[in-house]
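Chain and residue survey
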Amino acid sequence: MQAQAAQAEVAQLAAAVEAEPTPTTTQERQKFAKTRFVANAGLAAGATYQWIIKPYRAGKFQKGASGRTFALIKAGLAGAFAYNRLKAALQNAKGDPLLSKALAPLTAGIESLKGLGTKLRKGDAGDADISSFENVIGGVKDAGKSAGAPVTDKVPSVSELSGG
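Everything in this summary refers to the structure shown in the same document. (Residues numbered from 1 in each chain as written. Predicted model: local features only at pLDDT ≥ 70, side-chain atom pairs only at ≥ 80, totals over all residues. Heavy atoms only, no water.)

1. Examining helix α7 (residues 127-146)
If you check α7, its first and last C-alpha atoms are 28 Å apart, about what 20 residues at 1.5 Å a residue would give, namely 28 Å. For α7, the complete set of buried residues consists of Asp129, Ile130, Phe133, Val136, Ile137, Gly139, Val140, Ala143 and Gly144. Two residues or fewer after α7 comes glycine 148, characterised by a positive phi angle close to 80 degrees. (Helix = DSSP H or I, 4+ residues; strand = E, 2+ residues; numbered from the N terminus. Expected span 1.5 Å × (residues − 1). Buried < 20%, exposed > 50% of the residue type's maximum accessible area, 1.4 Å probe, protein only.)

Here it is, written out as structure tokens:
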């Protein structure tokens, strides 16, 4: 009987450990926070450059441009995706005091990107909108670099943009 009770207790503890895999030390939490920040910020930067900035500079969003509709749809998805990943990066940064301090001034800039995905998709985005994306991404990259978490662009696929 006692062996069965001990086995049940061990099974419960194992299930609890598997359900909540968390780092044990503050240092590990901070390391994972930086790693996750770099991943999320890199995806946001890659999506912004590949699907918004590059096509905009190539004139793909102008009326009458070949492939405009598809470019606008991808840009809209990329805008929403980038906003989502930037919000996740902000959350990750909270686990590291240095990153948290470095990103604090960028919170309002990230919030300002909230509706740009829809604006891009409808073809209503202009130079100022594209510049705001560039500036926020640049600021996040600079903040990461200053906090010891350099961000490099990672271009997501179109299926990743749409959540598939």
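2. Let's talk about the side chain of threonine 48
Among the structural elements, threonine 48 can be located in helix α2 (residues 26-57). Within the structure, threonine 48 has its side chain in polar contact with the backbone oxygen of alanine 44 (distance 2.8 Å). When neighbours within four sequence positions are excluded, threonine 48 is seen to be in contact with Ile53, Ala82, Phe133 and Ile137. (Polar contact = N/O pair within 3.5 Å; in protein donor to acceptor, adjacent residues only side chain to side chain. Contact = heavy atoms within 4.5 Å.)

3. Here's the deal with the pattern of salt bridges
Inspection of every chain in the model, using the stated rule, returns four salt bridges. Across the pair arginine 57 and glutamate 134 runs a salt bridge whose closest N-O atoms are separated by 2.4 Å. Taken together, the residues arginine 57 in helix α2 and glutamate 134 in helix α7 connect sequence positions 77 residues apart. A relative accessible area of 57% means that arginine 57 is categorised as exposed. The class of glutamate 134 is partly exposed, set by a relative accessible area of 29%. Salt-bridge contacts for aspartate 129 lead to lysine 119; the nearest nitrogen and oxygen are separated by 3.3 Å. Of this pair, aspartate 129 sits in helix α7 while lysine 119 sits in helix α6 (residues 116-122), placing them ten residues apart in sequence. By relative accessible area, lysine 119 is classed as partly exposed at 33%. (Salt bridge = Lys/Arg side-chain N within 4 Å of Asp/Glu carboxyl O.)

4. Some points on the environment of arginine 36
Structurally, the position occupied by arginine 36 is in helix α2. According to the relative accessible area criterion, arginine 36 is exposed, its value standing at 51%.

5. Brief notes about the nonpolar core
With 39 residues, the main nonpolar core has Phe37, Leu86, Leu103, Leu120 and Val140 as its most contacted residues. At the level of secondary structure, the elements contributing two or more residues to this core comprise α2, α3 (68-93), α4 (97-103), α6 and α7. Among the elements that line this core, the one with the most residues is α3, at eleven residues. Once you skip the residues sitting within four places of it in the chain, leucine 120 turns out to touch Ile52, Phe61, Leu72, Ala75, Gly76, Gly79, Ala125, Ile130 and Phe133. (Core = buried A, V, L, I, M, F, W, Y, C linked by side-chain atoms within 4.5 Å.)

6. Here we look at the side chain of asparagine 40
If you trace the backbone, asparagine 40 turns up in helix α2. Not counting residues within four places of it along the chain, the set of residues in contact with asparagine 40 comprises Arg85, Ala88, Ala89 and Asn92.

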